Amino acid sequence: MKMLVKKMLRDLSDHKIQFVSIFLMAFLGVFAFTGINGEVVGITDVSTHYYEDTNLADGWIYGENFDKDTLKDIKNMEEVKNAHREMVVDTVANYSSDPDITLHILEGKQEISKFHLFKGKDFNPNDKEGIWIDKRFADARDLDIGDKISLKFDGKTVSKTIRGIIYSPEYVYYIQEGSMIPDFSQVGYAFMPSKGADFDIEYNRITIDGKKELDAKEFSSEVSELLGQYTYAQFVPREDNVGVSTLQDEIDQHNMFSGIFPIIFVMVALLTLLTTMSRVISSQRTQIGTLKAMGYDNTTIILHYLSYGFFLSFAGSLLGLIIGPLTLPYLFYPSMSAMYSLPYWGPAWNLSFFLVAALMVIISVLVTFISVKTINDENPADSIKPKVPKAVSSGIMERTKIWKKMGFNGRWNYRDAKRNKVRAIMSIFGVFACALLIMSAFGMYDSMNDVQDWQYNQIYNYNSKLYLDENITDAQLSTVVKDTNGEEMMEQAIEVKYRGNKHTASMTVYNDSELFRPTDINRNYIEIDPDGVAISDRLAEVLGLKVGDKVRWHLVGNPKWIDSEITQTYSTPFGQGIIMSEKTYEKYGGDDYNYSTNVVLTEDKDIKNYTGVTSVSTREDIVKGWEDMTEAMNLMVYVLIIFAVILAVVVLYNLGLLSFTEIQREIATLKVLGFNTKSLRRLLLTQNLWFSTIGFILAIPGAYILMEAMMGSTGADYYFPINIYPLNFIISLIMTFGLSILVNLLFSRKIKKVNMVESLKSNE
């Protein structure tokens, strides 16, 4: 046994590069899989526990003046476990720049959607002077326990003492009007008990805790029948809560990357590890025969070689399993926490991580076992001899005119590839996989930049967007439009449904505009039919409707449903919905919907303060918001590119090493025949370029399919056309061929060192 240990250590030393590559393959495969997935699993795990611990509501009923009888009726519904009333109002806090605070006035104890207390006292329904405020707002405004805060709304003022600093599960993501990213110094929320109100409370929301997951469609119909349309406006299920749905969309987008890319990493690592382990054992053929001749039994020899595959793959997999989730997820948390408000962040492990690590070890051991068993089954006299090379017969290629015109270089490489099909296929697959990963990562990056240009430079042609107060007068609106030379528009959130498919979308109502110009799917400008209704291609696809069909829609907060015939489609990366003219809107809306301008677009950049304008968003603000929103996604792309390059280096180097080791005897033979080093280098380079070209060409459609699969899973609110800029395509090409040629050059330098006598006598 001591001798076998010494032999193993000597083998490790003699073939250290190959064994290190086996370790690296196992490590990189598991590290990439667990590291990238660790971020997604961590956020999912944290948000799920957060919702469970705080008993996040299963839905919310919005309406007017919910009295005790209404609450009792809701509580008596079969699906409802518990419910409570609250008054939710938009207020302005007494700080500079008038930050917006959403105030929740709760009736009784807080048993549903309980906030997470970061600091201070628990919520006390009998505390008439206390208020609990948002942690992010408190940090931004340097507020603490015991500070006073005043909130104003509808002529009323609420002045309270801060009792607690909190996180609320209903506010995982929230922004101020006209922005895409939260400015926590300008927006926040607060909770106070109803006993602290010195005014009449008009409860406008009922929070629902269901006995089980609520069927939104059925429950909404039952509530509508129970309450009638005069007090009931809308039921919002948990999955439609802005914070919950936005975070889930973000998780889905990250999952899109982490679900496909790491699996490819693992597959490439597994196949390369499989090939390497098989070749390493094959190179030990003579030693296995010698061990048998010395009297070692089969079990001892098999266990000896199984230890090679086990210890290396186990060490690499274990290290990747530990380090992956503890490192990569922390790259994403700073950008994620700037957008979302969770009480804590951290990675997590799930069963798939351990399965991938175990798979890596099992495959390595299994391949080792098959390779050793095959040699071990031979008698010692045969196994002690080198394996006889396969005889290759002439094929169709050799009988064509092309073959006659082909030089020695081409003929030798063709026959070498034909004789060593597995090595050739693995080399092509290695290049294919690495080029696929590099091109896909660049393609994702370019596609995201492309939609930014489409949305913010082509569709949006304004410099500023003014959001109007709902009580703005006609005279004030006229002044704003005249001074800014602006264009009026109405934007509203709507619900649309078609044949049972229901979706939340946006509605844009305007007349002719040069500042907002819809496009078709080829990014050509189109004119919206002033007498018809246009629907975005992505929304039409989600609902399964086409031009000529009738879609049902209603404004969020208004229960009146409208039927409208779709007359055309348009394409937009985000903000899926419908567009119509003011005339068409009033024709369909009748007495239930009246056009009301709530947005003004203008080319002006410097907007002064106007009465009736609540906020202004500039093009720079919007683009900055988009860049902040996609920062985590871009970071993910960078990580994937880095991993793709590292994997490409390891895989190509490893395959190159295997190839060089296997053809040393052929190289020695050619040197004896008079081939100089330059000719032999050219010979190896030719084969390398063949495999790289085939692998790269195959990777082009592969990358397209991969990107299409990932972009198609971005959710119903986005449309990402697949694109890769010529520059990045060329960079992908250069990186793939550059790495391939670089690895080839590293090995071609060893041609000079090939010992012709030892190589040619190796078969004797």
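Residues numbered from 1 in each chain as written. Predicted model: local features only at pLDDT ≥ 70, side-chain atom pairs only at ≥ 80, totals over all residues. Heavy atoms only, no water.

Chemist: When you look at the overall build of the protein chain in this model, what are you seeing that I'm missing?
Modeler: Summing up its helical and strand segments, the protein chain has 23 helices and 19 strands in all. Based on the C-alpha atoms only, the size of the protein chain along its principal axes is roughly 100 × 60 × 45 Å. A burial count over the protein chain gives 52% of its 764 residues as buried. Contacts in the protein chain between residues at least 24 apart in sequence constitute 82% of all its contacts with a sequence separation of at least 6. Side-chain charges in the protein chain split into 74 positive and 91 negative, and the spacing between the mean points of these groups amounts to 18 Å. (Helix = DSSP H or I, 4+ residues; strand = E, 2+ residues; numbered from the N terminus. Buried < 20%, exposed > 50% of the residue type's maximum accessible area, 1.4 Å probe, protein only. Contact = heavy atoms within 4.5 Å. Lys, Arg positive; Asp, Glu negative; His and termini not counted. Charge placed at Lys NZ, Arg CZ, Asp CG, Glu CD.)

Chemist: For this particular structure, what's the right way to read unusual backbone geometry?
Modeler: Residues other than glycine predominantly adopt negative phi, and peptide bonds predominantly adopt the trans conformation. Even without being glycine, N65 reaches a positive phi, approximately 50 degrees. By the secondary structure assignment, N65 is in the loop between strand 1 (59-63) and helix 3 (68-75). Its relative accessible area of 48% is what places N65 among the partly exposed residues. The backbone of D154 shows a phi angle near 45 degrees, a positive value even though the residue is not glycine. Here D154 lies in the loop between strand 6 (148-153) and strand 7 (156-167). A residue is classified by how much of its surface remains accessible, and D154, at 68% relative accessible area, is exposed.

Chemist: Help me understand the nonpolar core in this model?
Modeler: Among soluble globular proteins, nonpolar side chains are generally buried collectively. Ranked by size, the top nonpolar core spans 152 residues in total, and within it L247, Y305, M360, F516, F643 and L647 carry the most contacts. Apart from the residues within four sequence positions on either side, Y305 is in contact with K7, I281, Q284, Q287, I288, L291, T368 and V372. By size, the runner-up hydrophobic cluster in this structure holds 37 residues, among which are F66, A83, M192 and F219. (Core = buried A, V, L, I, M, F, W, Y, C linked by side-chain atoms within 4.5 Å.)

Chemist: Explain the pattern of salt bridges here, please?
Modeler: It is possible for side chains of opposite charge to pair when their charged atoms get near one another. Applying the stated rule across the entire model yields 15 salt bridges. Salt-bridge contacts for E170 lead to R205; the nearest nitrogen and oxygen are separated by 2.8 Å. On the criterion of sequence distance, the pair formed by E170 in the loop between strand 7 and strand 8 (187-193) and R205 in strand 9 (residues 205-210) is long-range, its members being 35 residues apart. Each member of the pair E170 and R205 is classed as buried. A salt bridge links R523 to D450, with the shortest nitrogen-to-oxygen separation between them at 3.0 Å. Note that R523 is positioned in the loop between strand 13 (501-509) and strand 14 (533-536) and D450 in helix 14 (residues 421-459), a separation of 73 residues in sequence. The structure contains a network of salt bridges with shared partners spanning E86, E170 and R205. (Salt bridge = Lys/Arg side-chain N within 4 Å of Asp/Glu carboxyl O.)

Chemist: Which parts of the structure should I look at to understand a nonpolar patch on the surface?
Modeler: There is a patch of nonpolar side chains on the surface, built from F310, F311, F314, L318, I322, L326, W349, L351, F354 and L355 and spanning about 970 Å² of accessible area. Mapped by element, the contributors of at least two residues to the nonpolar patch are helix 8 (298-327) and helix 10 (351-376). Residue position: L326 is located in helix 8. According to the relative accessible area criterion, L326 is partly exposed, its value standing at 46%. (Patch = residues over 30% accessible without salt bridge, like charges linked within 9 Å, V, L, I, M, F, W, Y side chains within 5 Å. Areas by Shrake-Rupley, 256 points an atom, 1.4 Å probe, with all protein chains shown as cover.)

Chemist: I keep staring at the packing of helix 13 (residues 408-419) against helix 21 (residues 677-711) and nothing clicks. Help me out?
Modeler: When two helices pack together, you describe them by how their axes are tilted relative to each other and by the distance separating the axes. Direction vectors running N to C along helix 13 and helix 21 enclose 60 degrees, while the axes themselves pass 9 Å from each other. As the angle between them shows, helix 13 and helix 21 are arranged oblique. With respect to the hand of their crossing, helix 13 and helix 21 are arranged in right-handed fashion. The residues of helix 21 that touch helix 13, namely those facing F408, N409, G410, W412, N413, Y414, D416 and A417, are R682, L683, T686, Q687, W690 and F691. The residue makeup of the contact of helix 13 with helix 21, split by class, is seven nonpolar, five polar and two charged. (Axes fitted to C-alpha atoms, helices over the stretch in contact; angles between N-to-C directions. Parallel < 35°, antiparallel > 145°, perpendicular 65-115°, else oblique. Left-handed = near helix turned anticlockwise from the far one by under 90°. Nonpolar A, V, L, I, M, F, W, Y, C, P; charged D, E, K, R; others polar.)

Chemist: Hey, could you run me through the side chain of S307 in this one?
Modeler: Take S307: it is sitting in helix 8. Taking the relative accessible area as the measure of exposure, S307 reaches 14% and is therefore buried. Looking at S307, its side chain comes within polar contact range of the main-chain oxygen of H304, at 2.3 Å. (Polar contact = N/O pair within 3.5 Å; in protein donor to acceptor, adjacent residues only side chain to side chain.)

Chemist: How do you make sense of the side chain of D549 when you look at a structure like this?
Modeler: Examined against the element boundaries, D549 turns out to sit in the loop between helix 16 (537-543) and strand 15 (550-555). Looking at D549, its side chain comes within polar contact range of the side chain of Y498, at 3.2 Å. Residues in contact with D549, not counting those within four places in the same chain, are Y498, S564, E565 and I566.

Chemist: Sorry if this is basic, but what is going on with the environment of V599 here?
Modeler: Here V599 lies in strand 18 (residues 599-602). Of the residues examined, V599 reaches a relative accessible area of 1% and is grouped as buried. Separated by 133 residues in sequence, V599 and L466 have C-alpha atoms that sit 5.6 Å apart. What V599 contacts, discounting residues up to four positions off in sequence, is K465, L466, Y467, L468, E487, E488, M489 and E491.

Chemist: Before we go on, may I ask you to explain the packing of aromatic side chains in this structure?
Modeler: The geometry of an aromatic ring pair is captured by the separation of the ring centres together with the interplanar angle, meaning the angle of the planes. Evaluation of the coordinates by the stated rule reveals 36 aromatic pairs. Ring centres 5.6 Å apart and planes at 85 degrees place the aromatic pair Y171 and Y174 in the edge-to-face group. Exposure class is identical for Y171 and Y174. Each is buried. Look at F429 and F432: their rings are 6.1 Å apart centre to centre, the planes differ by 40 degrees, and that puts the pair in the tilted class. Placement of both F429 and F432 in helix 14 is noted, with a separation of three residues, approximately one turn of the helix. Owing to a relative accessible area of 22%, F429 belongs among the partly exposed residues under this scheme. An aromatic cluster of three or more residues is present, and its members are F115, F123, W132, Y171, Y174, F184, Y189 and F191. Looking at K135, its charged tip hangs above the ring of F118, at a distance of 4.5 Å from the centre. (Phe/Tyr/Trp six-rings, centres within 6.5 Å; stacked < 30°, edge-to-face > 60°. Lys NZ or Arg CZ within 6 Å of the ring centre and 35° of its normal.)

Chemist: Please explain the pairing of strand 5 (residues 130-134) as it appears in this structure.
Modeler: Looking down a regular strand, the side chains alternate between one sheet face and the other. For strand 5, the buried fraction is high: five of the five residues fall into the buried class. The pairing of strand 5 with strand 8 spans two bridges and is classified as antiparallel. Bridge pairing links I133 to A190 in strand 8. (Pairing = 2+ DSSP bridges.)

Chemist: When you look at a negative patch on the surface in this model, what are you seeing that I'm missing?
Modeler: Residues E78, E213, D215, E218, E222, E225, E239 and D240 make up a contiguous surface patch of negative charge. Inspection of the secondary structure assignment puts E218 in helix 5 (residues 216-227).

Chemist: Looking at this structure, how should I read the environment of I201?
Modeler: Examined against the element boundaries, I201 turns out to sit in the loop between strand 8 and strand 9. Of the residues examined, I201 reaches a relative accessible area of 24% and is grouped as partly exposed. In this structure I201 touches M87, I105 and S194, once residues within four positions along its chain are discounted.

Chemist: I would appreciate a short explanation of helix 8 in the present structure.
Modeler: One turn of the α-helix equals 3.6 residues, which is why residues spaced by three or four share an orientation. For helix 8, built from 30 residues, the straight-helix expectation of 44 Å at 1.5 Å per residue is met to within 8% by its first-to-last C-alpha distance of 43 Å. The N-cap of helix 8, judged by a side-chain oxygen 3.1 Å from the amide nitrogen of T299 a few residues on, is D297. (Expected span 1.5 Å × (residues − 1).)

Chemist: Whenever I open this one, the environment of S337 confuses me. Can you help?
Modeler: When you line up the elements, S337 lands in helix 9 (residues 329-339). In this structure S337 touches R136 and W345, once residues within four positions along its chain are discounted.

Just distances and angles here, no functional claims.
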